[in-house]
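In case you want the letters, here they are:
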Amino acid sequence: MHDIVLILDFGSQTTQLIARRIREQGVYSEIRPCTDPAPASAEAAAGPGRRLVGLVLSGGPASVFGDDAPPFDEGWLDLDVPVLGICYGMQLLARHAGGEVSPARQGEYGHARLALVEPAPLLEGLDAHEPVWMSHGDQVTRLPPGWRRVAETPACPVAAIADAAGRRFGIQFHPEVTHTAPGERILHNFLFAVCGARADWSMGSFVEEQVRELRAKLGEDHVICGLSGGVDSSVVAALLHRAIGDRLHCVFVDNGLLRKGEREAVEAEFQELDLHVVDARALFLDRLAGVTDPERKRRVIGHAFIEVFEAEARRIGERVGGIRWLAQGTLYPDVIESVSFRGPSATIKSHHNVGGLPERMEMDLVEPLRELFKDEVRRLGVALGLSEARVHRQPFPGPGLAVRILGEVTPERVAVLQEADAIVREEVRAAGLERELWQAFAVLLPVRSVGVMGDARTYEQTVVVRAVRSVDGMTASVARLPWELLERVANRVINEVRGVNRVAYDLSSKPPATIEWE
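A few points on the structure.

What counts as what
Residues numbered from 1 in each chain as written. Predicted model: local features only at pLDDT ≥ 70, side-chain atom pairs only at ≥ 80, totals over all residues. Heavy atoms only, no water. Pairing = 2+ DSSP bridges. Helix = DSSP H or I, 4+ residues; strand = E, 2+ residues; numbered from the N terminus. Axes fitted to C-alpha atoms, helices over the stretch in contact; angles between N-to-C directions. Contact = heavy atoms within 4.5 Å. Phe/Tyr/Trp six-rings, centres within 6.5 Å; stacked < 30°, edge-to-face > 60°. Buried < 20%, exposed > 50% of the residue type's maximum accessible area, 1.4 Å probe, protein only. Disulfide = S-S within 2.5 Å. Salt bridge = Lys/Arg side-chain N within 4 Å of Asp/Glu carboxyl O.

1. Regarding the sheet that holds strand 10 (residues 223–226)
Sheet strands pair by backbone hydrogen bonding; their relative direction is either parallel or antiparallel.
Phase 1 of the analysis: Overall, parallel pairing links the five strands, which are arranged 12-11-10-13-14 in an open sheet. The strands lining the two open edges of the sheet, one partner per strand, are strand 12 (275–279) and strand 14 (364–366). Adjacent strand axes in the sheet meet at a mean angle of 30° when their direction is disregarded.
Phase 2 of the analysis: Alignment of strand 10 against strand 13 (residues 325–327), held across three bridges, turns out to be parallel. Note that in strand 13 the partner of cysteine 225 across the bridge is alanine 327.
Phase 3 of the analysis: Together, strand 11 (248–254) and strand 12 form the strand contacts of helix 7 (residues 262–269), whose direction differs from that of strand 12 by roughly 160°.

Laid out in structure tokens, this is it:
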């Protein structure tokens, strides 16, 4: 029987980070929408084979006293388990217990210095002053009866609170983000000192659980898997192959938006699976003709993918007696940026495999990685026995080069970007930096500028090089590539790629930018 911590999502963009940080400490966690009705008991909340040991209330964009506050069944707080409220969750917990929450005179966003006021099990082992990450406009202004103030910051007198029994805590800052130095320790204290949880979950146990759940869900059905050759779809294919064997049929779609040489590499690497290669270059490029809006591009590509998969499913289904399921390598960053499926979080952009999907499809979706981050997927790939080369491939967007070509996508512009991107990746690999970087790639702008080549005036296109470091794709910092490497890349692109006379380097982090340009 697994111990489990449930997280109620009130719309924070970092809710899944809470789940991830908890799982990293060997305790299984799941996210539930804050709108879920309260269960009758802790046993009912946990589900069969699990023991609920704690509840976390996430942050969120609303105000607890605002008209936009999400609905919440306070029966959740009647469960006999420890509770940790984070940011909005702390305010909700304080208000429920009889405290007062008010707009702060000054919002607190970014780094702050946490000072301990009184001892508390949640903050055991912390230094007297610790750097934490704040993001709030409201704050607790009157403590609930019987509660203690246990920490403060210069701008927030009530930065952490504890109830008299030592089983309920609220913190105004975010322990789940890396900017909060003692975040891991705080969550460790909550899990083991407060909740008494057991560290009985691992990626190996996740494999066993997923295989068991997939077999129960899929029965004797056959499944189509969209295989791109990247780590996400490769792990999905390996997981499904372990669960259902030869009832898995993998489809690789050449959409004309791939990196140079990618189709050939996939055909060579995945022969051990039932791989079907579909040449759909003409379909995708025709559908994208004249399309410049990024959201429309993603929708067009998402619909075209489904059209191809459904046609291929019908063809394969004639041989095997029908295909009911389409498997995808959808990850949580795709979901949280596309749709608010867990709570009232803001939509950032529609991913082709989430917000870009048509409302009606001939197949049902199966997405076993939907709540994992990229680094977790890589660990899962290792647990499944995938090669190092597959597991550590840099991410490549499902819409392919279409979201790296700003403006209209044409065969000519795709060819230009393929050549430029190949040079970037080749030079990064030669410099020994491929594994150190989250992504390194080229972007083609809808901008022409004047240049001089061979004493003649040119008026050609501009390529931007993008390289970032990240752990999970939700945030990213600019990679400080060696100047000599950037000079080599620029020189090769300008000299070897016809139609380009200028190369720039993207210095934007995420946020405020996203990793991909569209």
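2. Some words on unusual backbone geometry
Trans is the prevailing form of peptide bonds, just as negative phi is the prevailing case for residues other than glycine.
Phase 1 of the analysis: The amide bond that connects lysine 510 to the next residue, proline 511, takes the cis arrangement and shows omega of -15°.
Phase 2 of the analysis: The peptide bond linking proline 511 to proline 512 adopts the cis configuration, its omega dihedral lying at 15°.
Phase 3 of the analysis: Here proline 512 shows up in the segment after strand 18 (500–505).
Phase 4 of the analysis: Positive phi outside glycine occurs at cysteine 87, with the angle close to 55°.

3. Section: the packing of aromatic side chains
Phase 1 of the analysis: All chains considered together, the criterion is met by six aromatic pairs.
Phase 2 of the analysis: Where phenylalanine 10 meets phenylalanine 72, the ring centres are 5.4 Å apart and the plane angle is 65°; that geometry is what we call edge-to-face. On the criterion of sequence distance, the pair formed by phenylalanine 10 in the loop between strand 1 (2–9) and helix 1 (15–24) and phenylalanine 72 in the loop between strand 3 (50–57) and strand 4 (83–86) is long-range, its members being 62 residues apart. Taken individually, phenylalanine 10 and phenylalanine 72 each receive the classification buried, so the pair is uniform in this respect.
Phase 3 of the analysis: For the pair tyrosine 28 and tryptophan 201, a centre-to-centre distance of 5.6 Å together with 45° between the ring planes defines the contact as tilted. Placement of the pair is tyrosine 28 in strand 2 (residues 28–33) and tryptophan 201 in the loop between helix 4 (183–194) and helix 5 (203–218), with a sequence separation of 173 residues. Exposure class is identical for tyrosine 28 and tryptophan 201. Each is buried.

4. So, the state of the cysteines
Phase 1 of the analysis: In this structure the tally under the stated criterion is zero disulfides.
Phase 2 of the analysis: Cysteine 87 takes part in no disulfide bond, and the closest cysteine sulfur, belonging to cysteine 156, lies 9.3 Å away.
Phase 3 of the analysis: The closest cysteine sulfur to the non-disulfide-bonded cysteine 250 is located on cysteine 225, 4.6 Å from its own sulfur.
Phase 4 of the analysis: With relative accessibility at 0%, the residue cysteine 250 sits in the buried group.

5. A look at the pattern of salt bridges
Phase 1 of the analysis: A full pass over the atoms with the stated rule returns 40 salt bridges.
Phase 2 of the analysis: A salt bridge links aspartate 254 to arginine 281; the nearest nitrogen and oxygen atoms lie 3.8 Å apart. Here aspartate 254, found in strand 11, pairs with arginine 281, found in helix 8 (residues 281–288); they are 27 residues apart in sequence, far enough to count as distant.
Phase 3 of the analysis: Ionic pairing is found between arginine 324 and aspartate 364, a salt bridge with its closest N-O pair at 3.2 Å. Of this pair, arginine 324 sits in the loop between helix 9 (294–320) and strand 13 while aspartate 364 sits in strand 14, and the two are 40 residues apart along the sequence.

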